[in-house]
Amino acid sequence: MTQAPTPTADTVRRLVRSLLKESETGTPGPEIRPVAAGGEHSTWWVGTRYVLRLAPDREASARQRRELRLRDLVRPHLPVAVPAGVTHGEWAPGLTYTLDTAIPGGTAEEHDVSAVGEADLAGLLTGLREVPVRQAETLGLPRTPPRSLEALRRMAVPAAERLAIADEFDPAPLLHFTSPGAAQLAAQPGTAVVVHHDLKGEHLVVSADGRVRGVLDWTDAAVGDPAEDIAGLALAVGSGAAVRAATLAGYGARPCLRGLWLARCDTVIRLTDRLDGRDDSPLPLLRTQLRRAWETILLERVSDLREDDTDEET
C-alpha cells in the first residue's frame, strides 16, 4: 500500500499560491502557519482571513467531502456560524483540502462562555434537532447507535481507582453511580438527531465577551444520540453550563444526566489511558476536562426520573 504524503509548509505555500490571486501578483502572499489544534487534518492559517485543512488519507477525504454538503444543510438552522468554503479540491491524488473563511474569535479553551453564550449553545442544540434527519442521511451522514453507559461505567471504575493511586481523582462519586443508575439513563428509542459529535473546546469559536460565534470541524457529525453533544459541551464549558444550555434547548433530565455521565466516564478513562501511555493528548487539557465534567450540578441532586420523561425529542 502506498503511504499517503505528508503535507509540508512548502506544500501549503504552493497550494495557497495557486488558489489566491493576490499571491500571483509578485507579492509575498499571506503568512502561512500551522494551527496547533488541527485534529486529524493538517490545518493551517492563511493570513488572518482563511483556514486551510488538508485531509491526510482517503477516509478523511471522504468525510471532508461529506462535511462540505452537511455544512450547507445545517447552516440555516443554526444561530451560530458554520465555516464557509472559499474553494476545495485535491492537494494530492485522492486527498482533499478545503479553504474556508476564518470565523473571528478564540476557542472555548481561551475564553469563558458567558450566560448569553450559553443561550447560543442552546440555540445550537435546538437547531441541530431541527435538521431533517432523512436529508442528512441522504448526504451520507452515518447513523451511530447510542453507547452503553453501563459498559462505559464498568470501564471507568478501574480507571478511577488507577487515578486514585496516582492522586489524580477521588473515585467515590463514580462508585456511587451504580448499574441501575446507568440503566435508568439508557438512551430512549426514537430520539436520534443530527449531532456534531465532537463539540470539544477547540471547535467552539468564542469571542472575548463570552458569546459563541461559530462551530468548527463537522467531519465527525452523525445521526445519533443527542446526549453525545451534551457530553461534548460538558468537556468544553463545564457540566453546569452544558446542562443549562441543554435545558434551554428543551432537553429534560434524562438526556442531560446521560450526557453528563458519558462525559464523566470518558474523562476518567482518557486520563488513565494518557498516564499509562495509551493516549497522547495533552495532560493539562485532560485534567481540565476531568474537572469540568465532574462539576456538581443541582440537577443530579433533585432529579426524579420518570418513565414518561421522554422530553420532546423526535
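The text that follows walks through the structure, step by step, so that each part is easy to find. (Residues numbered from 1 in each chain as written. Predicted model: local features only at pLDDT ≥ 70, side-chain atom pairs only at ≥ 80, totals over all residues. Heavy atoms only, no water.)

Observations regarding the sheet that holds strand β8 (residues 204–206)
In spatial order, the strands read β6-β8-β9; together these three strands make up an open sheet with antiparallel pairing. Two strands bound the open sheet, and with one partner strand each, they are β6 (106–107) and β9 (212–215). Note that β6 and β8 share two bridges and pair antiparallel. Within β8, the residue paired with Thr107 across the bridge is Val205. (Pairing = 2+ DSSP bridges. Helix = DSSP H or I, 4+ residues; strand = E, 2+ residues; numbered from the N terminus.)

Examining the packing of helix α3 (residues 115–130) against helix α9 (residues 239–248)
Close contact between α3 and α9 brings their axes to 8 Å; oriented N to C, the two are set at 55°. It follows from the interaxial angle that α3 and α9 lie oblique. Once α3 is placed against α9, the crossing between them reads as right-handed. Residues Glu118, Ala119, Leu121, Ala122 and Leu125 of α3 lie in contact with α9, whose contacting residues are Ala241, Arg244, Ala245, Ala246 and Leu248. (Axes fitted to C-alpha atoms, helices over the stretch in contact; angles between N-to-C directions. Parallel < 35°, antiparallel > 145°, perpendicular 65-115°, else oblique. Left-handed = near helix turned anticlockwise from the far one by under 90°. Contact = heavy atoms within 4.5 Å.)

Details of the pattern of salt bridges
Two side chains carrying opposite charge are able to pair once their charged atoms lie near each other. Scanning the model with the defined rule gives 23 salt bridges in all. Where Arg53 meets Asp217, a salt bridge forms, and the shortest distance between an N and an O atom there is 3.7 Å. You can see Arg53 sitting in strand β3 (residues 50–54) and its partner Asp217 sitting in the loop between β9 and β10 (222–224), a full 164 residues away along the chain. Residue Arg53 is classed as buried on the basis of its relative accessible area of 8%. In this structure, Asp266 and Arg147 form a salt bridge, with 2.8 Å as the shortest nitrogen-oxygen distance. In this pair, Asp266 sits in helix α10 (residues 253–275) while Arg147 sits in the loop between α4 (133–138) and α5 (149–165), placing the two residues 119 residues apart along the sequence. Within the structure, one salt-bridge network assembled from shared partners comprises Arg162, Asp273, Asp276 and Arg278. (Salt bridge = Lys/Arg side-chain N within 4 Å of Asp/Glu carboxyl O. Buried < 20%, exposed > 50% of the residue type's maximum accessible area, 1.4 Å probe, protein only.)

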